[in-house]
Amino acid sequence: MKIKSKIILAISAVVLVSCSASKTKTFKENEFKEWAKTPPMGWNSWDCYGPTVEEHEVKANADYMAKELKSFGWEYVVVDIRWFVENDKAGGYNQTDPRYVIDQYGRYLPAVNRFPSAKEGQGFKPLADYIHDKGLKFGIHIMRGIPKKAVEDKLPIKGTNGITADQIFSTQLQCEWLKDNYTIVADKPGAQEYYDSLFELYAQWGVDFIKIDDLSRPYHEGEINLIRKAIDKCGRKIVLSTSPGETPVEAAAHVSNHANMWRMVDDVWDTWPHIAHLMEVSQKWYPYIAPGTWPDCDMIPLGRISVRGERGEDRMTRLTKDEQYTLMTFFSIFKSPLFFGGDLPSNDAFTLSLLTNKEVLKMHSESTSVTELFHKDGNIAVTSKNPKDGSIYLAVINSSDAVSENISVSLSDLGITSTKSVSNMWTKENVTLTENKINISLKPHSSVLYQLKGNK
């Protein structure tokens, strides 16, 4: 296959402030956990624009976030996959004749026909500046590995004495669903320097968040080590998200000491089986929910999605309102990072209400001790505590497809003997206890989220 590309000379030193080694701060081991003490919240372009998002669309979503969501804690604006391809397409990827934009060190650059402000080698810095000026943070997506084009052209690796891209790659374990890159052999001379050069560039652009794809299945421990070291050397606090796939729980100790968030499942779309599968897989990850390191439920496929997306036609989410409440309830009490996938300017009032419930977001930010009380026969209950005000939270879900359920949770299950009040956090309605029990009747796919105050 013949691959077309534009190789752009690195003139960014003219327009960007370069990072000299003597001036760059090196972060300490595990310092990265301080950069995401609460689960990150933001918007990602994937669910609505796939690999085709353009600068004006990113700005429109940033404008909406600054106006409607920033005061509720939403802050990251993330450009997802293949921003360096001039001629990608909706409904999949153009892998027949992609036109890549790449610099002389084998590093992808934004396609100027999609991101006009990247002209003259400026990269994403102008767009990042636009987002930063709104009090928000900027993120990008990349694939693990090194571009095939860099290998084929034997491009030099910045920071080495003559090592070229063809000396650090392997065709083994190449991503199965997107063939832009080869695997980097982690112990090859030049491998660390390549990742160092990437994050030096991203730090110059002002990147605050990086989502790196195809790291989890199989688990690429060697490349994750390179990435962690490169971020820690680059001098900028860049939150790391590993994606996608079902990260093996056997890697929990490693991933929680190298990444701020990691995906538990493949892409979650707007169908109930995706949500049900996510809740099943999540059972093994409760012990690893901790400040700075978060198991990730994936993006939130609500609002208007697939404007030019990978799955299906332009639409409002196919999830029912009950299912949307259930998704937001579970993501929030589980303390997953929250990244909205829909086109924000297209939000209706109901969708906006799901993203701006102050008490739910307070729970998401402040709660601790997230525990699954039971998960059996389609009935799920999850609880957590707020150490600041003493509240106890309880989410109860009926994940079955056809059976309404009467579910009961006693105060003793929550570790208390009495409570002054129980309120539904979505509807604000108060709940009456019967014999110190909360009795709930739930239709299929529906849920409740309660806050208990004044507990003893």
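What counts as what
- Residues numbered from 1 in each chain as written.
- Predicted model: local features only at pLDDT ≥ 70, side-chain atom pairs only at ≥ 80, totals over all residues.
- Heavy atoms only, no water.
- UniProt positions renumbered as here; feature names shortened; annotations may be inferred.
- Buried < 20%, exposed > 50% of the residue type's maximum accessible area, 1.4 Å probe, protein only.
- Helix = DSSP H or I, 4+ residues; strand = E, 2+ residues; numbered from the N terminus.
- Pairing = 2+ DSSP bridges.
- Contact = heavy atoms within 4.5 Å.
- Core = buried A, V, L, I, M, F, W, Y, C linked by side-chain atoms within 4.5 Å.
- Domains from an automatic or database assignment.
- Axes fitted to C-alpha atoms, helices over the stretch in contact; angles between N-to-C directions.
- Parallel < 35°, antiparallel > 145°, perpendicular 65-115°, else oblique.
- Left-handed = near helix turned anticlockwise from the far one by under 90°.
- Nonpolar A, V, L, I, M, F, W, Y, C, P; charged D, E, K, R; others polar.

The protein chain is annotated in an unreviewed UniProt entry as Alpha-galactosidase from Flavobacterium hydrocarbonoxydans. UniProt lists a comment for the protein chain under the heading Sequence similarities (unreviewed entry), and it reads "Belongs to the glycosyl hydrolase 27 family." As stated in UniProt under Catalytic activity (unreviewed entry), the record for the protein chain gives "Hydrolysis of terminal, non-reducing alpha-D-galactose residues in alpha-D-galactosides, including galactose oligosaccharides, galactomannans and galactolipids."

**Student:** I keep staring at the pairing of strand β9 (residues 209-213) and nothing clicks. Help me out?
**Tutor:** Each regular strand carries side chains that alternate between the two faces of the sheet. When you tally the buried positions in β9, you get five out of five residues, the bulk of the element. Bridge count for strand β5 (residues 137-143) against β9 is five bridges, and the pairing is parallel. If you follow G139 over to β9, its bridge partner there is F209.

**Student:** Even after reading the chapter, I still don't get the environment of T38, so can you show me in this structure?
**Tutor:** Within the fold, T38 resides in the loop between α1 (12-15) and β2 (41-44). On the accessibility criterion, T38 (37% relative accessible area) is partly exposed. Put simply, T38 and S367 are 329 residues apart on the chain and 9.6 Å apart in space, counted from C-alpha to C-alpha. Every residue in contact with T38, bar those within four places of it in the chain, is listed here: W294 and S365.

**Student:** Can you help me understand the sheet that holds strand β8 (residues 181-184) in this one?
**Tutor:** The strands that make up a sheet are held in pairs by hydrogen bonds between backbone atoms, and each pair lies either parallel or antiparallel. Strand order in the open sheet made by the three strands is β6-β8-β7, with antiparallel pairing throughout. Two strands in the sheet have a free side with no partner beyond their single neighbour: β6 (146-147) and β7 (169-170). Of the pairings in the sheet, the one linking β7 to β8 comprises two bridges and is antiparallel in character. Each bridged residue has a counterpart across the sheet, and for S170 the counterpart in β8 is T183.

**Student:** Which parts of the structure should I look at to understand the UniProt feature "domain: Alpha galactosidase C-terminal" (unreviewed entry) in the protein chain?
**Tutor:** Annotation from UniProt places "domain: Alpha galactosidase C-terminal" (unreviewed entry) at residues 377-452. With 0% helix and 47% strand, the stretch residues 377-452 has end C-alpha atoms that lie 26 Å from each other.

**Student:** Is there a simple way to explain the nonpolar core in this structure?
**Tutor:** Proteins that are soluble and globular tend to have nonpolar side chains buried together. Residues W74, W83, I140, F199, Y202 and I210 are the most contacted members of the largest nonpolar core, which totals 128 residues. Ranked by the residues each element gives to this core, the list is headed by helix α6 (residues 191-205), at nine residues. Both domain 1 (31-366) and domain 2 (374-454) contribute no fewer than three residues apiece to this core. If we ignore the near neighbours within four places in the chain, the residues touching Y202 are I140, I142, V207 and I210. L414, V422, I440 and Y450 belong to the second largest nonpolar core, which has 16 residues in total.

**Student:** Help me understand the sheet that holds strand β11 (residues 261-263) in this model?
**Tutor:** In space, the eight strands of this open sheet follow the order β12-β11-β10-β9-β5-β3-β2-β15, with parallel pairing throughout. Each edge of the open sheet carries a strand with a single partner, namely β12 (294-296) and β15 (338-340). Neighbour-to-neighbour, the strand axes of the sheet open up by a mean angle of 25 degrees, direction not taken into account. Strands β5 and β9 of the sheet are contacted by α6, whose axis makes an angle of about 155 degrees with β5.

**Student:** Sorry, what's going on with the packing of helix α9 (residues 272-281) against helix α10 (residues 321-333) here?
**Tutor:** Axis angle and axis distance: for two packed helices, these are the angle between their axes and the distance between the axes, and together they describe the pair. In contact at an axis separation of 11 Å, α9 and α10 are set at 25 degrees when each is read in the N-to-C sense. Overall, the two elements α9 and α10 adopt an arrangement that is roughly parallel. Pair α9 / α10 crosses with left-handed handedness. Of α10, the residues touching α9 (which contributes W272, I275, L278 and M279) are E323, T326, L327, F330 and F331. Taken together, the residues that form the contact of α9 with α10 break down as seven nonpolar, one polar and one charged.

**Student:** Please explain unusual backbone geometry as it appears in this structure.
**Tutor:** Most peptide bonds take the trans configuration, and most residues that are not glycine carry a negative phi. Cis geometry marks the peptide bond from R217 to P218; its omega dihedral reads -5 degrees. Relative to the assigned elements, P218 resides in the loop between β9 and α7 (221-234). Positive phi outside glycine occurs at E435, with the angle close to 55 degrees. By the element assignment, E435 lies in the loop between β20 (421-424) and β21 (437-442). The phi dihedral of H445 is positive, around 70 degrees, even though this residue is not glycine. Relative to the helices and strands, H445 is located in the loop between β21 and β22 (447-453). Taking relative accessible area as the criterion, H445 reaches 12% and is therefore assigned buried.

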